[in-house]
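Fold and contact review
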Amino acid sequence: MITLENLKFHEMIGMQTKIIKSTNPQLNNIKGRIIDETKSTFVLSTTKGLKTFPKQQNQWEFQLNGAKITLNGKMISKKPEDRIGMKK
């Protein structure tokens, strides 16, 4: 089960997310559903179509069970299958 405490170790495809802080200010507040991810990027379905964003340069906000969590992109910049196996 995904919780706020273990979200960074889970598969994120299908989740809604929002960039709340970026090294590129033009990316701030972009939100969408994650439809694919690689080691370094998320592909989001946004209101303007599919867009690819780097993980590392951004702070990502996720909502889970009505609560919000912010994850630094450096924490989740791994292949999904490698992140799932990380020690907690």
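Please read these numbers as outputs of a predicted model, since none were measured by experiment.

The next thing to look at is a negative patch on the surface. There is a patch of like negative charges on the surface, built from Glu-11, Asp-36, Glu-81 and Asp-82. Looking at where Asp-36 falls in the secondary structure, it is placed in strand S2 (residues 31–37).

Right, let's get into the sheet that holds strand S5 (residues 58–64). The six strands are arranged S4-S3-S2-S1-S5-S6 in an open sheet whose pairing can be described as antiparallel. Lying at the two open borders of the sheet, with one neighbouring strand each, are strand S4 (49–54) and strand S6 (67–72). When strand polarity is set aside, the average angle formed by the axes of neighbouring strands in this sheet is 40°. Pairing analysis gives five bridges linking strand S1 (residues 16–22) to S5, with the strands arranged antiparallel. Residue pairing for S5: Ile-19 is matched across the bridge by Trp-60.

Attention now goes to the confidence of the model for the protein. Residues with a pLDDT of 70 or more make up 95% of the protein, whose mean pLDDT is 91. Between the elements of the protein, mean pLDDT differs from a low of 77, seen in helix H1 (residues 80–84), to a high of 98, seen in S4.

Once that is clear, we can look at the packing of aromatic side chains. Counted by the stated rule, this structure contains one aromatic pair. When the centroid spacing of 4.9 Å and the interplanar angle of 85° are considered together, the rings of Phe-42 and Trp-60 count as edge-to-face. Residue Phe-42 is located in strand S3 (residues 41–46), and its partner Trp-60 is located in strand S5; the two are separated by 18 residues in the primary sequence. Accessibility assignment for this pair places Phe-42 and Trp-60 in one class, buried. Directly above the aromatic system of Phe-42 lies the positively charged group of Lys-55, at a separation of 5.0 Å from the ring centroid.

The rules behind the values
Residues numbered from 1 in each chain as written. Predicted model: local features only at pLDDT ≥ 70, side-chain atom pairs only at ≥ 80, totals over all residues. Heavy atoms only, no water. Patch = residues over 30% accessible without salt bridge, like charges linked within 9 Å, V, L, I, M, F, W, Y side chains within 5 Å. Areas by Shrake-Rupley, 256 points an atom, 1.4 Å probe, with all protein chains shown as cover. Salt bridge = Lys/Arg side-chain N within 4 Å of Asp/Glu carboxyl O. Lys, Arg positive; Asp, Glu negative; His and termini not counted. Charge placed at Lys NZ, Arg CZ, Asp CG, Glu CD. Helix = DSSP H or I, 4+ residues; strand = E, 2+ residues; numbered from the N terminus. Pairing = 2+ DSSP bridges. Axes fitted to C-alpha atoms, helices over the stretch in contact; angles between N-to-C directions. pLDDT = per-residue confidence, 0-100. Phe/Tyr/Trp six-rings, centres within 6.5 Å; stacked < 30°, edge-to-face > 60°. Buried < 20%, exposed > 50% of the residue type's maximum accessible area, 1.4 Å probe, protein only. Lys NZ or Arg CZ within 6 Å of the ring centre and 35° of its normal.

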